[in-house]
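Summary of the model geometry
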Amino acid sequence: MAGNSVLERRFALAERRTTVGREFRGGITTFVAMAYILLLNPIILGGSADVTGAQLSIPQLTAMTALSAAIATVLMGLVGNVPMAVASGLGINAVVAYQAAPQMTWAQAMGLVVLEGVIIVLLAVTGVRQMIMDSIPLALKYAITAGIGAFIALIGLVDAGFVSSGEGTVLTLGQGGLLRGWPIVVFVVTLLLMFVLHARRVPGAILISIVAGAVLAVVINSVADIPDAQWGLVVPHLPDQLLAVPDLSLFGQVDIFGGFAQAGVVTALVVLFTLVLSGFFDAMGTIVGLSEEAGTADEKGQVPGLGRILTVDGVSAALGGLTSSSANTVFVESAAGIGEGARTGLANLVTGGLFALTLFFTPLASVVPAQAAAPALVIVGAMMMAQVAKIDWSDPEMLVPAFVTIVMMPFTYSITTGIGAGVIAYTVVRTALGRRAGWLLWVITAVFAVFFALDPLQRLLGL
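The structure contained in this document is the topic of the report that follows.

Criteria and thresholds
Once a new chain begins, its residue numbering starts again from 1 and follows that chain's sequence as written. Local features are withheld for residues below a pLDDT of 70 in this predicted model, meaning they are given only at 70 or higher, and side-chain atom pairs are given and counted only at 80 or more; totals for whole chains, interfaces and linings count all residues. Heavy atoms from the whole structure form the basis of all side-chain values; hydrogens and water molecules are not counted. Under the DSSP-based scheme used, a helix requires at least four consecutive residues in state H or I and a strand at least two consecutive residues in state E, with every element numbered from the N terminus. Polar contacts, as used here, are pairs of N or O atoms within 3.5 Å; protein pairs need one atom able to donate a hydrogen and one able to accept it. Residues neighboring in sequence count only if both atoms are side-chain atoms. When checking whether two residues touch, look at their non-hydrogen atoms; a contact exists if any pair is within 4.5 Å. Within 6.5 Å between ring centres, the rings of Phe, Tyr and Trp (the latter by its six-membered ring) count as paired, and their orientation is classed by plane angle as stacked under 30 degrees, edge-to-face over 60, tilted in between. Lysine NZ or arginine CZ positioned within 6 Å of the ring centre and within 35 degrees of the ring normal marks a charge as sitting over the ring. Throughout, an axis means a line fitted to C-alpha atoms (over the contacting stretch in the case of helices), and angles, computed between N-to-C directions, take values from 0 to 180 degrees. For classification, angles of less than 35 degrees are called roughly parallel, those exceeding 145 degrees roughly antiparallel, those between 65 and 115 degrees roughly perpendicular, and all remaining angles oblique. Each helix crossing is assigned a hand: it is left-handed if the near helix lies turned anticlockwise from the far helix by less than a right angle, otherwise right-handed if that turn is clockwise. Ten residue types, Ala, Val, Leu, Ile, Met, Phe, Trp, Tyr, Cys and Pro, are classed as nonpolar, four, Asp, Glu, Lys and Arg, as charged, and the remainder, Gly among them, as polar. Using a 1.4 Å probe on the protein chains alone, a residue whose accessible area is under 20% of its type maximum counts as buried, one over 50% counts as exposed, and one in between counts as partly exposed. Counted as positive: Lys and Arg. Counted as negative: Asp and Glu. His and the chain ends are not counted at all. One side-chain nitrogen of Lys or Arg within 4 Å of one carboxyl oxygen of Asp or Glu is enough to make a salt bridge.

Some remarks on the side chain of Ser-209
Mapped onto the fold, Ser-209 is located in helix 10 (residues 205–223). In terms of polar contacts, Ser-209 uses its side chain to reach the backbone carbonyl oxygen of Ala-205, at 2.8 Å. Excluding residues that lie within four positions of it along the chain, Ser-209 makes contacts with Thr-190, Leu-193, Met-194 and Leu-197.

Let's talk about the packing of aromatic side chains
Evaluation of the coordinates by the stated rule reveals five aromatic pairs. Ring centres 5.5 Å apart and planes at 45° place the aromatic pair Phe-162 and Phe-187 in the tilted group. Placement of Phe-162 in the loop between helix 8 (138–160) and strand 2 (163–164) and of Phe-187 in helix 9 (residues 182–199) is noted, with a sequence separation of 25 residues between them. Ring pairs connect the aromatic residues Phe-448, Phe-451 and Phe-452, which therefore count as one cluster. Positioned above the aromatic ring of Phe-11 is the side chain of Arg-10, whose terminal nitrogen or guanidinium carbon lies 5.5 Å from the ring centre. Stacked on the ring of Phe-280, the Lys or Arg Arg-129 has its end atom at 4.7 Å from the ring centre.

Remarks on the packing of helix 9 against helix 10
Where helix 9 meets helix 10, the axes come as close as 9 Å, and the angle between the chain directions of the two elements is 155°. By the angle class used here, helix 9 and helix 10 are roughly antiparallel. Handedness of the helix 9/helix 10 crossing: right-handed. On helix 10, the residues touching Trp-182, Val-186, Val-189, Thr-190, Leu-193, Met-194, Leu-197 and His-198 of helix 9 are Ala-205, Ile-206, Ile-208, Ser-209, Ile-210, Ala-212, Gly-213, Leu-216, Ala-217 and Ile-220. In the contact of helix 9 with helix 10, the residues fall into 14 nonpolar, four polar and no charged.

Section: the environment of Asn-348
Counting through the fold element by element, Asn-348 comes out in helix 16 (residues 345–358). By relative accessible area, Asn-348 is classed as buried at 2%. Distance from Asn-348 to Met-76, taken between C-alpha atoms, is 7.2 Å for residues 272 residues apart in sequence. If sequence neighbours within four positions are ignored, Asn-348 has contacts with Thr-73, Val-74, Met-76, Gly-77, Val-82, Pro-83, Met-84 and Ala-85. Engagement of the side chain of Asn-348 in a polar contact is seen with the backbone oxygen of Met-84, the distance being 2.9 Å.

A look at the side chain of Glu-292
Within the secondary structure, Glu-292 is located in helix 13 (residues 265–294). Salt bridges are absent for the buried Glu-292, whose nearest opposite-charge side chain, Lys-390, sits at 4.3 Å. Apart from residues lying up to four places away in sequence, Glu-292 is in contact with Leu-138, Tyr-142, Thr-145, Ala-297, Gly-301, Gln-387 and Lys-390.

What about the pattern of salt bridges?
Tallied over the full model, the rule gives four salt bridges. Among the salt bridges present, the one from Arg-129 reaches Asp-313, with a minimum N-O distance of 3.1 Å. In this pair, Arg-129 sits in helix 7 (residues 128–135) while Asp-313 sits in helix 14 (residues 306–322), placing the two residues 184 residues apart along the sequence. Each member of the pair, Arg-129 as well as Asp-313, is classed as buried. Two residues, Arg-435 and Glu-397, come together in a salt bridge whose shortest N-O distance is 2.6 Å. Taken together, the residues span a long stretch of sequence, with Arg-435 in the loop between helix 19 (415–432) and helix 20 (439–452) and Glu-397 in helix 18 (residues 396–412) at a distance of 38 residues. For Arg-435, a relative accessible area of 38% translates into the label partly exposed. Glu-397 sits in the buried class, given a relative accessible area of 6%.

So, to be careful, I would describe these as geometric facts and stop short of saying anything about function.
Encoded structure:
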């Protein structure tokens, strides 16, 4: 009881209507849903060479990704008291690997990531970032939540192989319009089990289904002749060994300002601008969406303790540069843990602890395939889509902006793009109706306009 009292005082469990058990289940579920980053981030960063031809080591990147996620996630739990796990952001790591590294050394590219984090922290502590978030109308925040729901559901379907790019079509069912192979069977069975358990309100429905799916995958893979490529990044099998010694030698390998000298001031600034904008608005949209789903946002859509959350997000981004794992950001897969009942930072301590354990138990990260974890993203995406009911679709001011925000996220595979398109549409429509949009929204609109026109502007200026 004493232990529970300490946790209650620290995390306000009763106030958030949760329990220690729910937080632990939620933390485990979030970890399982996002553990793929331990494999994918090293592949993306390790697949590119810097200006000198040097490539980063996959084992080193795996260790740094786990360490960075563990520290950042625990920090968010302790300071922000929210169930929002943090790890190397997809999309941002691609900018580092394929836009920054070819024009500078890895240390210099990671130095720009540190600068990104510093800028985001400054925007947070000065209150500018919260002003920007508060300037977004409530209906657009609901649209952001719904758009993220559609986005993560698509991520789940693609990761599982249930949806893929087709011949002559952008997307198609399975491979060539057909569901093929045992891995898809694992996904479908796990997804249906999750639907049933969730509909019957079984505690731990998502986590139970993921574990059951992983067991089924291991059994099927052991008795059937299945090419590893069909499973994707994670092939379900019991590892030959449990322990592995982490290589942490990449920590602190940064050159903060060297990129400006190596690649030129303008080029470095373009990369930094892209990093800041992506990190800023990706996290903003995710925080808003997760807060709505967790029920921690107030009736105006504002998030209590937002300043602390945003500051930790910026610190975490800088930490990603220091660890050479690319910028950290709040992970939308945290919605899986929230769907399991997580409501406080206690869940983050569980998730962060599991990331720390993977430093020494990295072979276990290869047990749960995407086909067993992805169903959680689909069902949580459905829950988040329920926010569309709160939007007044009869309001001409919100109809197009809300729609554009929702569809652009899955259609472009980018939260930032969805927010940008929605904000521009809202500002233009509101002004066309003779209503005042406010100077801050116009500034945000102008920033997004530059973001969308970045390539033609660079061509025009010969950069």
